[in-house]
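Structure at a glance
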Amino acid sequence: MPSVCIVFFAKRDAHNARRLLTETPLDRQACLNRERKPPTVSAKVFVWEPSEANPNEWMRLPVRKADRKQTLDMYSGKMAWYDSFTNEWDCCGEFGPPEAMDEDFGSPLPEAGHQDSLDDPTQEPLMPFQDVGPRLLTPPTQPEQTRDAECYTIPRFVPLGRPVEASLPTQGPSTEADLWQQEVLEILVVYYGYTPPLPLPADIAPTISLVDQKKMVRLLGLSWAHSEPFASSSATVLAKSYLDKIITNVRPSDDQCDLNTSSRLSVATSRRFPYLRVVSTLGPSPKPLYMFDFGDISRVPWKLTMTSASDALMVCRLDASLSEYEVATYLLQRGIPFKTLLPARLAQETPMGPPPPCVLGARLSVTKFSTKDYDSYSNLRTMIVQQPRSCAALLCGGIIWRLCCDTISYDTVLEGPTGWSTVPDANFLARDPKTNQDFVNDALTDVKLSFTSGAYTCYTGIPTSHIHPLFKCKGNQTAIRFWHPPIATFDAGGENYGHWTPYREDGFMRWLDKINNLKHSESSRGPLTTSKWRDLTRGMKESQLIKENLESWSREFINLK
């Protein structure tokens, strides 16, 4: 086995050992279910291959979702390793021999004396909330040949350092209404700083109209299709009352919001809050960043840094026992933007590697887009994320994170920045104004961001006196069209909740369904202009007000330190 693989899996084993200590019963059960039947489509697949430039250097290359099952079929036996913690496959011919084949029937030969009860079709499936004990790291397992759902499953429950559980029933089995109420309260607590009353009042009768119920569900980023218990939950009234105050920029009382020093659960009492300091980006228009500098107690070489004040306080609300590594994993699982800033003095210069084509595709005004065009874009996007520094796509959060989270390994991001790039735009730079210390992080260039969103240069067909030398036709006015919203457009819209939500996932999957059903005659479902994407991602006015007002309150609170 190549030495780089040995180092990679040693680091992963260490990370998994830490995950084992902090995972919830629900997380543990999900891992066990994946071990029983490893997914072959939803799980990320990587192939280890020697570099073309240097055969002694091995690269871990992502595989497109459409090619995952076929790739796993090619790497049989011990050549394919599955890790249930990260839900990732690693394939390499150097890992071990292929499966032994039965000469008579062509089927894999079972190992002598081996019998796995999990392969018994008569065994009852594992239940979602079954309480299980500590789990040992298991050896690689071969996949079941079944197709998985392609939508991203957002982790439902979060490791809170707040007493939300005290507001919920502790006796008897949890009903769907109880789980829904817990989810609503956790969203309010983690992202909006809500302090729930103890105990939660049970005599509140929801008197909210159906229209307002749907609005509240959307403001929380939840899916209306699964929100039947919302109407009968007392959390409904609490959520509406609290969010209405944020929308109207009216400060909640001290016993309702943790953005008050006199609150019983003030975020200022968090163990992480004293380590929070404000730095800024380098450039013509510096922007504030919120860095957690844990000093000597830090376990990683980089500094966990948030791009907004509200997200920084959200990190303070998480369980204090979580390390920076585990907090960063939490952020990666939910598409929350952040940075892993490395002190510039520790960064080394790294080459960019062989770049993919960096010229936007061009189309005539008469062009009709099809699914083949989208497949071509998907292939190009996979080529882009194979570049070492492209792990910065997951740090962007939002739509760029969603487009790449199925391909890029979280472990790649958690290793920290790759170092200085010879391309200036591929460096994200920041400075601490108090110490003048500089920091660096990987970044995607504007061209790569455009490629990731699926940009094309499209000629409008407006007649001019200019004749294009390539297409031999008149009309040089162009418009940039995108398969998915550009990052600046998405981030500024009301559809951006600051984290990926079930509502956004539903919209993302509906758009993919339209593309998959695209015909040559249906250009309206092809790439869209920036202005069209701006209209589609504008969202609700109330969502914008919540983001703006909460960010303003959070900045004021941090500045009082």
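Here the structure is a predicted model, which means the values were calculated and not measured.

Here we look at helix 6 (residues 234-247)
The terminal C-alpha atoms of helix 6 lie 20 Å apart, and with 14 residues this matches the ideal 20 Å at 1.5 Å per residue to within 8%. Looking at helix 6, one finds that the buried residues are Ser234, Ala235, Thr236, Leu238, Ala239, Tyr242, Leu243, Ile246 and Ile247.

As for the environment of cysteine 391
Mapped onto the secondary structure, cysteine 391 falls in the loop between helix 9 (371-385) and helix 10 (392-395). The class for cysteine 391 is buried, based on a relative accessible area of 5%. Sequence-wise, cysteine 391 and leucine 444 are 53 residues apart; in three dimensions their C-alpha atoms are separated by 8.7 Å. Residues within four places of cysteine 391 in sequence aside, it is in contact with Ile408, Thr412, Val413 and Asp442.

Structural notes on the sheet that holds strand 4 (residues 88-91)
What holds strands together in a sheet is hydrogen bonding between their backbones, with the strands either parallel or antiparallel. Strand order in the open sheet formed by 4 strands is 2-1-4-3, with mixed pairing between adjacent strands. Since the sheet does not close on itself, it has two edges, and those belong to strand 2 (58-62) and strand 3 (80-83), each with one partner. Mean inter-strand twist for the sheet, computed between neighbouring axes without regard to direction, equals 25°. Where strand 3 meets strand 4, 4 bridges bridge the pair, whose relative direction is antiparallel. Bridge assignment links aspartate 83 to a residue of strand 4, and that residue is glutamate 88.

A short note on the nonpolar core
The biggest cluster of nonpolar side chains holds 93 residues, and the ones touching the most others in it are Leu188, Tyr192, Leu243, Phe292, Leu304, Leu331 and Leu394. Of the residues forming this core, the biggest block, 8 residues, is contributed by helix 4 (residues 176-192). For phenylalanine 292, the residues in contact, after removing those within four places along its chain, are Arg272, Tyr275, Leu276, Lys303, Leu304, Met306, Ala312, Val315 and Cys316. With 11 residues, the next largest nonpolar core counts Val47, Leu72, Tyr82 and Trp89 among its residues.

Quick word on the packing of aromatic side chains
In this structure the tally under the stated criterion is 20 aromatic pairs. Both rings, one in phenylalanine 9 and one in tryptophan 48, keep their centres 6.5 Å apart while their planes meet at 50°; by these two values the pair is tilted. Of the two residues, phenylalanine 9 sits in helix 1 (residues 3-22) while tryptophan 48 sits in strand 1 (residues 44-50), which places them 39 residues apart along the sequence. For phenylalanine 9, a relative accessible area of 10% puts it in the buried group. On the basis of relative accessible area, tryptophan 48 is assigned to the buried category, the value being 5%. Grouped by ring-pair contacts, the aromatic residues Phe8, Phe9, Trp48, Trp81 and Phe95 constitute a single cluster. Of note, arginine 60 hangs over the ring of phenylalanine 46, and the distance from its end group to the ring centre comes to 3.8 Å. In this arrangement the basic side chain of lysine 339 is found over the ring face of phenylalanine 428, its NZ or CZ atom lying 4.4 Å from the centre.

What about the pattern of salt bridges?
A complete count under the given rule lists 24 salt bridges for this structure. In this structure, aspartate 411 engages arginine 12 in a salt bridge whose closest nitrogen and oxygen atoms are separated by 3.5 Å. A residue pair is termed long-range when its members are at least 10 positions apart, and aspartate 411 in helix 12 (residues 410-414) and arginine 12 in helix 1 qualify at 399 residues. Here aspartate 411 matches arginine 12 in class, with each residue buried. Between aspartate 442 and arginine 389 there is a salt bridge, and its shortest N-O distance comes to 3.0 Å. Here aspartate 442, found in strand 13 (residues 438-442), pairs with arginine 389, found in the loop between helix 9 and helix 10; they are 53 residues apart in sequence, far enough to count as distant. The residues aspartate 442 and arginine 389 share a single accessibility class, namely buried. Within the structure, one salt-bridge network assembled from shared partners comprises Arg12, Arg60, Glu88, Asp90 and Asp411.

Observations regarding the sheet that holds strand 7 (residues 303-306)
The strand order around the closed barrel built from 6 strands is 5-6-7-8-13-12, with neighbouring strands paired in antiparallel fashion. Geometrically, the sheet is characterised by an average inter-axis angle of 40° between neighbouring strands, direction not taken into account. Bridge analysis of strand 12 (residues 427-431) against strand 13 gives 5 bridges, and the strand direction is antiparallel. In the strand pairing of strand 13, asparagine 427 is matched with aspartate 442. Across the sheet, helix 7 (residues 309-317) touches strand 5 (276-281), strand 6 (288-292) and strand 7, and the angle it forms with strand 6 is around 15°. Here helix 8 (residues 324-333) sits on the sheet and contacts strand 7 and strand 8 (338-343); the angle it forms with strand 7, its principal contact strand, is near 35°.

Reading the values: the criteria
- Sequence order as written defines residue numbering, which begins from 1 separately in each chain.
- For a predicted model such as this one, the threshold for reporting local features is a pLDDT of at least 70, and the threshold for listing and counting side-chain atom pairs is 80 or more; totals across whole chains, interfaces and linings nevertheless cover every residue.
- Excluding hydrogens and water, the side-chain values take into account all heavy atoms of the structure.
- Helical segments are the DSSP runs of H or I of at least four residues, strand segments are the runs of E of at least two, and each set is numbered from the N terminus.
- Every helix has an expected span of 1.5 Å times one less than the residues it contains.
- Between buried and exposed lies partly exposed: a residue is buried under 20% and exposed over 50% of the maximum accessible area for its type, with that area taken using a 1.4 Å probe on protein chains only.
- Any two residues whose heavy atoms approach within 4.5 Å at even a single point are treated as in contact.
- At least two bridges found by DSSP between two strands is the condition for calling them paired.
- Working convention: axes come from line fits to C-alpha atoms, limited for helices to the stretch in contact. Angles between N-to-C directions cover 0 to 180 degrees.
- Only buried residues count toward a nonpolar core, which is a set of Ala, Val, Leu, Ile, Met, Phe, Trp, Tyr and Cys residues joined through side-chain atoms within 4.5 Å.
- Two rings belonging to Phe, Tyr or Trp (six-membered ring only in the last case) form a pair when the distance between their centres is within 6.5 Å. Interplanar angles under 30 degrees mark stacking, angles over 60 mark edge-to-face geometry, and anything in between is tilted.
- Placement of a positive charge over a ring is assigned whenever Lys NZ or Arg CZ falls within 6 Å of the ring centre and within 35 degrees of the normal to the ring plane.
- The salt bridge criterion pairs a side-chain nitrogen of Lys or Arg with a carboxyl oxygen of Asp or Glu, the two atoms within 4 Å.

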